[in-house]
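Secondary and tertiary structure notes
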Amino acid sequence: MIGWIIGTCSVIIASFAQILLKKSAEEKAESFIKKFLNIKVVISYMLLFVSMFVNTFVLRYLELKILPCITATSFLWILLFSYFFLGEKPSSNRVIGMIMIMVGVIVAQF
């Protein structure tokens, strides 16, 4: 059970980092260097690194077949975070895609 919780937290961290990167990309930058070396980009990559490290660590507690299913839920988290933090409304194709991914995750567990 602890592996599921840690794995899900890792996916949520990575999803939040991707939203932070997207938010940074929407901002105007004065120069090429400032576009890629601002605080949001640096924090985002640090969070992605932490997520990757935690995913490697969580393999001690989960079977190898389970972690990709947890990681596949990142598309759902990104969709939710985009809606709440960026104000993006999901299209019907994205919602159908999310349903298909979640069905795939459920089927893969049996």
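Structure: see above.
Parameters at a glance
Counting restarts for each chain: residues are numbered from 1 in the order of the written sequence. The predicted origin of the model limits local features to residues at a pLDDT of at least 70 and limits the giving and counting of side-chain atom pairs to 80 or more, whereas totals for whole chains, interfaces and linings rest on all residues. Note that water and hydrogens are dropped before the side-chain values are worked out from all heavy atoms of the structure. Patch definition: residues above 30% relative accessible area lacking any salt bridge, with like charges linked at up to 9 Å and the nonpolar side chains Val, Leu, Ile, Met, Phe, Trp and Tyr linked at up to 5 Å. Values of accessible area rely on a 1.4 Å probe in the Shrake-Rupley scheme; residue burial ignores everything except the protein chains shown. When a carboxyl oxygen of Asp or Glu is within 4 Å of a side-chain nitrogen of Lys or Arg, the pair counts as a salt bridge. Here a strand is any run of E in DSSP of at least two residues, a helix any run of H or I of at least four, and the numbering for each starts at the N terminus. For the exposure calls, accessible area comes from a 1.4 Å probe over protein chains only, and a residue counts as buried if that area is under 20% of its type's maximum, exposed if over 50%, partly exposed in between. Every residue pair with non-hydrogen atoms within 4.5 Å of one another is taken to be in contact.

Attention now goes to a nonpolar patch on the surface. Taken together, Ile 2, Phe 49, Val 50, Met 52, Phe 53, Phe 57 and Tyr 61 make up a surface patch of nonpolar side chains, about 730 Å² in accessible area. Structurally, the position occupied by Met 52 is in helix H3 (residues 39-58).

Let us now look at the pattern of salt bridges. Scanning all chains against the criterion turns up one salt bridge. A salt bridge links Lys 22 to Glu 88, with the shortest nitrogen-to-oxygen separation between them at 2.6 Å. On the criterion of sequence distance, the pair formed by Lys 22 in helix H1 (residues 2-26) and Glu 88 in the loop between helix H5 (74-86) and helix H6 (92-108) is long-range, its members being 66 residues apart.

A few words now on the side chain of Ser 51. Residue position: Ser 51 is located in helix H3. Taking the relative accessible area as the measure of exposure, Ser 51 reaches 4% and is therefore buried. Those residues within four positions of Ser 51 in sequence are excluded, and the remaining contacts are Ser 10, Ile 13 and Ala 14.

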